[in-house]
2 protein chains.
Amino acid sequence: MDAAKADAGLIQSRYRLTRQRAAVLRVLQADGGHLDAEEIHERAKEELSSLGLATIYRTLDLLRELGLVQMVQYPNAAARYEARLDKHHHLLCTRCHELSDVEAPHLDELVGQIAAGVGFEPRDFKLQVSGLCRRCRNDRG
Amino acid sequence: MDAAKADAGLIQSRYRLTRQRAAVLRVLQADGGHLDAEEIHERAKEELSSLGLATIYRTLDLLRELGLVQMVQYPNAAARYEARLDKHHHLLCTRCHELSDVEAPHLDELVGQIAAGVGFEPRDFKLQVSGLCRRCRNDRG
DNA sequence: GTCCGTGCAAAGCGTTTGCACTGTC
DNA sequence: GACAGTGCAAACGCTTTGCACGGAC
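Residues numbered from 1 in each chain as written. Chains lettered and ligands numbered in written order. Predicted model: local features only at pLDDT ≥ 70, side-chain atom pairs only at ≥ 80, totals over all residues. Heavy atoms only, no water.

### Section: the overall build of chain A
(1) Moving on: A tally of helices and strands in chain A yields six helices and six strands.
(2) Moving on: The linear arrangement of helices and strands in chain A, starting from the amino end, is α-α-β-α-α-β-β-β-β-α-β-α.
(3) Moving on: When its C-alpha atoms are laid out on the principal axes, chain A stretches across 45 × 45 × 30 Å.
(4) Moving on: Burial analysis of chain A (141 residues in total) assigns 43% to the buried set.
(5) Moving on: Taking as baseline every contact in chain A between residues at least 6 positions apart, the subset at least 24 positions apart corresponds to 49%.
(6) Moving on: For chain A, the exposed surface amounts to about 7900 Å²; the carbon and sulfur share of it is 46%.
(7) Moving on: With 20 positive and 21 negative side-chain charges, chain A shows a spacing of 3 Å between the two charge centroids. (Helix = DSSP H or I, 4+ residues; strand = E, 2+ residues; numbered from the N terminus. Buried < 20%, exposed > 50% of the residue type's maximum accessible area, 1.4 Å probe, protein only. Contact = heavy atoms within 4.5 Å. Areas by Shrake-Rupley, 256 points an atom, 1.4 Å probe, with all protein chains shown as cover. Lys, Arg positive; Asp, Glu negative; His and termini not counted. Charge placed at Lys NZ, Arg CZ, Asp CG, Glu CD.)

### Things to note about the interface of chain A and chain B
(1) Moving on: Each side of the interface is counted separately: chain A has 33 residues, and chain B has 34 residues.
(2) Moving on: Summing the contributions of chain A and of chain B, the shared interface buries around 3000 Å²; its carbon and sulfur component is 64%.
(3) Moving on: The closest approach of N and O atoms between A:Glu121 and B:Arg137, which form a salt bridge, is 3.1 Å.
(4) Moving on: At the junction of chain A with chain B, the criterion picks out 14 residue pairs in polar contact (both at pLDDT 80 or more).
(5) Moving on: When residues of the side of chain A that touches chain B are traced back to their parent elements, those giving at least two are β4 (89-93), α5 (107-117), β6 (121-132) and α6 (134-139) of chain A.
(6) Moving on: Considering each element in turn, the side of chain A that touches chain B owes the most residues, 12 residues, to β6(A).
(7) Moving on: Within the side of chain A that touches chain B, the residues separate by chemical class into 19 nonpolar, seven polar and seven charged.
(8) Moving on: One ladder, built from 11 bridges, connects β6(A) with strand β6 (residues 121-132) of chain B; its direction is antiparallel. Considered in β6(B), the bridge of A:Glu121 is made with B:Leu132. (Buried area = accessible area lost by both parts, 1.4 Å probe. Salt bridge = Lys/Arg side-chain N within 4 Å of Asp/Glu carboxyl O. Polar contact = N/O pair within 3.5 Å; in protein donor to acceptor, adjacent residues only side chain to side chain. Nonpolar A, V, L, I, M, F, W, Y, C, P; charged D, E, K, R; others polar. Pairing = 2+ DSSP bridges.)

### So, the protein's contact with DNA strand C
(1) Moving on: Residues in contact with DNA strand C amount to 18 residues; listed here are only the nearest, A:Thr18, A:Arg21, A:Thr55, A:Arg58 and B:Tyr57.
(2) Moving on: For DNA strand C, the fraction of protein-proximal atoms (within 4 Å) that sit in sugar or phosphate groups is 75%.
(3) Moving on: One of the backbone nitrogen or oxygen atoms of A:Leu51 is found 3.5 Å away from a phosphate oxygen of DNA strand C.
(4) Moving on: One of the backbone nitrogen or oxygen atoms of B:Ala79 is found 3.0 Å away from a phosphate oxygen of DNA strand C.
(5) Moving on: When contributions to the surface near DNA strand C are tallied by element, the ones reaching two or more residues are α2 (19-31) and α4 (53-65) of chain A together with α4 (53-65) of chain B.
(6) Moving on: The biggest single contributor to the surface near DNA strand C is α4(B), with four residues.
(7) Moving on: Class assignment for the residues of the surface near DNA strand C results in eight nonpolar, five polar and five charged. (Near = heavy atom within 4 Å.)

### A word on the relation of the copies chain A and chain B
One copy of the chain maps onto the other through a rotation about an axis followed by a shift along the same axis.
(1) Moving on: Rotating chain A by 179° and translating it 0.0 Å along the rotation axis places it on chain B, where the RMSD comes to 0.1 Å. Overall, the copies show the geometry of a two-fold rotation axis. Considering only C-alpha atoms, the residue of chain A closest to the rotation axis is A:Leu127, which sits at 2.3 Å. (Least-squares fit on C-alpha atoms with pLDDT ≥ 70 in both.)

### Thoughts on the protein's contact with DNA strand D
(1) Moving on: With respect to spatial proximity, 18 residues lie near DNA strand D, and among them A:Tyr57, B:Arg16, B:Thr18, B:Arg21 and B:Thr55 are the closest.
(2) Moving on: Sugar plus phosphate, as a fraction of atoms of DNA strand D within 4 Å of the protein: 70%.
(3) Moving on: A:Tyr57 is positioned such that a nitrogen or oxygen atom in its side chain is 2.4 Å from a phosphate oxygen of DNA strand D.
(4) Moving on: B:Arg58 is positioned such that a nitrogen or oxygen atom in its side chain is 2.9 Å from a base nitrogen of DNA strand D.

### Topic: the side chain of A:His89
All names here are of chain A.
(1) Moving on: If you trace the backbone, histidine 89 turns up in strand β4.
(2) Moving on: You can call histidine 89 buried: its relative accessible area is 2%.
(3) Moving on: At 2.9 Å, the side chain of histidine 89 forms a polar contact with the backbone nitrogen of leucine 127.
(4) Moving on: Beyond its immediate sequence surroundings of up to four residues, histidine 89 is in contact with Ser100, Asp101, Val102, Ala104, Leu107, Phe125, Lys126 and Leu127.

This is how it looks when you write it as structure tokens:
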């Protein structure tokens, strides 16, 4: 995949592209979901059994710094990571705890307006919505 | 203050209004800001020196359950609590780490639309914006 | 040979829990 | 006297760190 190669190149431009780092990135890009450090560790170990959890955390920091992964943090839960790069937001189902992605087309402007009103210069923002996902809603309100 | 009395009444309706609980609520209502458990502990101890940190956490859970306080959670930081009850959102300055409040008038509708688009039933949502506050922006971008 | 990256284990931090005690009804 | 509420200390879960080793330049 071209994207994967580009990402590998980005890592190499500033750091060594080790087997460990490649494995973590591969896991995140393959899954497309929202994995926590331990889940990433499990999966990456299938490929590189000696891999330690500390390396996962260090690699995730690095990938975040390079802008290759994003982190989502919800209360009372481990941080979750995703390779998805485009601007998007999260819907958390309070029943099945599934996290899904949505785009919010006009939110940028709205945030810009809100921030401008109080002299704040926004650099990034996250919308986190909790409620019931389609499935849980049908299963039983 | 009437509001304080009403809140005390709400606690009493389901739990005992102990000196510890009153102290925590008083601290939060007096400050109006965003304090973490340890800060609340410090301040409440001025009033009740024997107070333990575990009680602070237990009380905050209870006040949250009663809807008297809200919690804000940012990555790599202790949870912060505030007595403010109306719907609002947060601006976090990445330079001075100050957290400030804003209202987002038309956000409800937008969130409703976004969620409806994917069959999600929103129950609550939070917008968290990071960037530079007015002061830090002037001090030096 | 230097230095970056790693694995392991230990430490760190905010938070929660177990338990015996206390005060209120 | 029952029981909700408390303080203390220990345990918890996620994450970070110290340190000695290993491998790439």
